[in-house]
Each structure stands twice: as structure tokens, then as C-alpha cells.
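Close look at the chain arrangement
Residue-level listing of the chains:
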Amino acid sequence: MSASSLFNVANSSPNAPLIIHLPPFPTQQPTKTQDLPSVIRDWPVASINYRWHQTTPQLAPADNPHLPIQWPCPVHDVGFAYTWLINNLRLPDHTRRDIYVYGSYVGGSLATSLALTQTTPHVRVGVRGIACFNGIYNWTMFLPDHPVHKKKTRKSTSMTEALKPPPLVEGAHMEELLQSIPDLFHKPADLFDAFASPSLLFHNAGLHIPSSFDQHNLTMVDKMMKLSLNKDENSVSPDEMVMKPARKSHLVFPPRDSTIKIPQTLLMHTSPIVTDVKKKCRKKHTFEVQAEELADLMRRSIEKIEFKERQKWDDDTDSWEEAARQRVRLQNVGDEIDSIVLPLNGEEALIEWLKDIV
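Residues numbered from 1 in each chain as written. Predicted model: local features only at pLDDT ≥ 70, side-chain atom pairs only at ≥ 80, totals over all residues. Heavy atoms only, no water.

If you look the protein up in an unreviewed UniProt entry, it shows as Alpha/beta hydrolase fold-3 domain-containing protein from Emericellopsis cladophorae.

Right, dumping it as C-alpha cells:
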């Protein structure tokens, strides 16, 4: 069962802000203060010990001790731990306690879905903000059919070149996450769960669920091109076929009748080191792309839903856009490094952000 490791909580004020920490991977749970990111070591911290992709018999499901712990186990662990924290944070009457969530890498997915669904400003104890570093907010981007991988084809491009699949990700850490997907998720449909891919709270995936993590769904045009090359109708299976690509559309989030609000947000990301000048001009699937999509969606929600009443009497759209940008900040913290720790630029950005909002 999930648990939380508490740091600096017992000797802090009962209404001091609390940081909920989601480690980058479940194998890196902190056991002492020095194991936490340096920026939050002096804060009251609850680090959630979620389980994900572990085959240790003692931690595996009781009915099958050799079954890997895959999705949705981690989101249930986070929900259980959060509920426990809320119920056990004792406060004097009529006081509030603010919670800020920090996560990175696979912990960033969990941190974001927690913050987006638990930020209710009117409650005495609740989430007020979230900071993420190199989080994954839309796992469906790792699927080969996702629009992020579509390249512009020139008229002179041959059919062989057109069918050649482009690299799905850019950067060593993104490549490691791509390779780990079959271990983290049981089936491709799991990637479409909005609690795994919180960007999907704001829009549908815009693609069909494939039968495997690395398989393309072929349209009729794709089928004709493939058949013209292979001359074999059996080379295209019925499971690969879809009539037409799915259409992306926006969803209303937060729901208009809910008390949820978009939290104060800081999305930090690194950039992969690209030595090829031509490659620098081509945008591929990176941590930056992940963060940009979520930031755009959250800002759009603030402007279109939260500020909707304001539009009736204030036509200064520039001020709305700036307010949304201040609520949801996006920051490049430098080039990708071998370590997965938050780089110095990220630490400075996180410190500044906490000063502004706490």
C-alpha cells in the first residue's frame, strides 16, 4: 500500500505551506532530507511513495505476485496518499494550509493530474500550485500516429521516403521513457487515460487507439501506398486499418459547474543537445513540446472559461493573456544533462516562483 515520507512536518507550524513531492521514478523514493531536491529541503514535505513498474513479489498484486505493477496502480497510490494527508493535517479552527505539488519525469504526470483535479481555492486544506520539471503530460505523443510526428512531405518525396517512420522522440531521457512504456502501461488504451495524460483533460487525443504501442493505424491512402510497394494484400492486417484519422477537439475543463480552478503553475523543461544544424530547425517530440502543449491548454482554459464573465465588461484581451501567462509559466532551464536532477537554472526558477506565489 502507498505511503508518504514526511520531512520537516512535525516541527513546522500547522498552517505552514506543505510541498507534496512526486519523485521522478518510483525507484528513487527519498529516505532522508538530503534525498529531496535541494530547493525544497527546508520546507515541510510529504513525498508520496507511489508504485509503478516493480516486479518485487512483496509489492506485486496478491493474486499474481509476478505481475508487474502497471497503470493505474500509481494514480490510486497518489489518490490514497493525498486523502490520508488531507485527513491527518491537523489545523486550528478557521485557518488554512496551502499545498504545492512538485514532480518530475513520470512523477510529473501524477503531480499534474493531482493538481488539476484538486485545486479548489475555497477549501481550508488544498492544492494551490504546481511546479514540474521535464514532466510527461500527454503519453499519447509517444504513439507513432500522433500528429506531433507528422512531417511535411515535398512533392519530390518518394513513396518509400514517405512511409519511412521518423524518430519518435529527441533526447536521451525521452528515448528512455519511450522504451519504458510497455513496462509502465498494460495496453495502449492506458495512455489515453486523462489521469495518465492530463493534457487530455482539455482535449481529446485526436488519434485512434492502436493495437500495440509501436503500430501505425493505416488510412486507405496509407494502405494503397503500402500495397503499391509490397504487392501483397496480406501485408496490411484488418487491425491496422481505420477509415480516417480522428479529429482533435477541445473539451471544457474545469467543468463550468465545478469549484476547480487552474492552479498557479511553473512548467520547466530542458532542451536536447542537437549538433546537426538542420535538425535544430525541425521540431520533434521533446520535453519542451510536452510542456508547451499543456501550458497553451491551461492558458486557453483560463481565458475562455474562467475569464468568460469578464469579457462582458472588459475588452482588454491583452491583459487576460498576460494574466494567463503569469498563472501558467513556462521556462526552459537549459540543455539536457546526463543526470535527471533539476539543474541550477531550474532551482533558481523554482525559488523565484515560490517567492511570488507563497
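Here the narrative resumes.
**A closer look at the packing of aromatic side chains**
Defined as follows: Here a pair means two rings of Phe, Tyr or Trp (six-membered ring of Trp) with centres within 6.5 Å. Their orientation is stacked below 30 degrees between planes, edge-to-face above 60, and tilted elsewhere. By definition, any uninterrupted DSSP run of H or I lasting at least four residues is a helix, any uninterrupted run of E lasting at least two residues is a strand, and each is numbered from the N terminus. Each residue is assigned to one of three classes by its accessible area relative to the maximum for its type, calculated with a 1.4 Å probe on protein chains only: buried under 20%, partly exposed between the two thresholds, exposed over 50%.
Applying the stated criterion across every chain yields a total of 11 aromatic pairs. Between the aromatic rings of Trp52 and Trp139, the centroid separation amounts to 6.5 Å while the plane-to-plane angle is 65°, which identifies the pairing as edge-to-face. Highlighted residues: Trp52 in the loop between β3 (45–48) and α1 (73–88) and Trp139 in the loop between β5 (125–133) and α3 (159–163), separated in sequence by 87 residues. Judged by relative accessible area, which is 1%, Trp52 ranks as buried.

**Focus on the pattern of salt bridges**
Condition: Criterion for a salt bridge: a side-chain nitrogen of Lys or Arg within 4 Å of a carboxyl oxygen of Asp or Glu.
Tallying each qualifying case throughout the model produces eight salt bridges. Put simply, Lys32 and Asp35 hold a salt bridge, and the shortest N to O gap is 3.5 Å. On the basis of relative accessible area, Lys32 is assigned to the partly exposed category, the value being 45%.

**Let's talk about the pairing of strand β4 (residues 97–104)**
Applied cut-off: Strands pair, by our definition, only if DSSP identifies at least two bridges between them. Here, the term right-handed applies to a crossover whose path from the first strand over the helix to the second runs clockwise when the strands point away from the viewer.
Across the eight residues of β4, seven count as buried, placing the element largely inside the fold. With five bridges connecting them, strand β2 (residues 18–22) and β4 associate as parallel partners. Of the residues in β4, the one forming a bridge with Leu18 is Ile99. Across eight bridges, the pairing between β4 and β5 is parallel. Note that in β5 the partner of Arg97 across the bridge is Val125. Once you follow β4 into helix α2 (residues 106–118) and on to β5, the crossover reads as right-handed.

**Section: empty space enclosed by the protein**
Stated precisely, the cut-off is as follows: Points on a 1 Å grid over protein atoms alone make up a cavity when a 1.4 Å probe fits among them but cannot get out, and a pocket when they form an open set with protein on both sides within 12 Å along at least five of seven lines; lining residues each have an atom within 4 Å of a point. Grid points are joined across faces, edges and corners, and a volume is the space filled by probe spheres set on the points. Only Asp, Glu, Lys and Arg are considered charged, only Ala, Val, Leu, Ile, Met, Phe, Trp, Tyr, Cys and Pro nonpolar, and every remaining residue, Gly among them, polar.
Counted under the stated rule, the structure contains one cavity of 30 Å³ or more. Quantified by volume, the largest cavity comes out at close to 40 Å³. Looking at the largest cavity, the residues that line it are Ile19, Ile40, Tyr100, Val101, Tyr102, Ala131, Leu350, Trp353 and Leu354. Counting only elements with at least two residues in the lining of the largest cavity, the list comes to β4 and α9 (344–357). Split by residue class, the lining of the largest cavity holds nine nonpolar, no polar and no charged.

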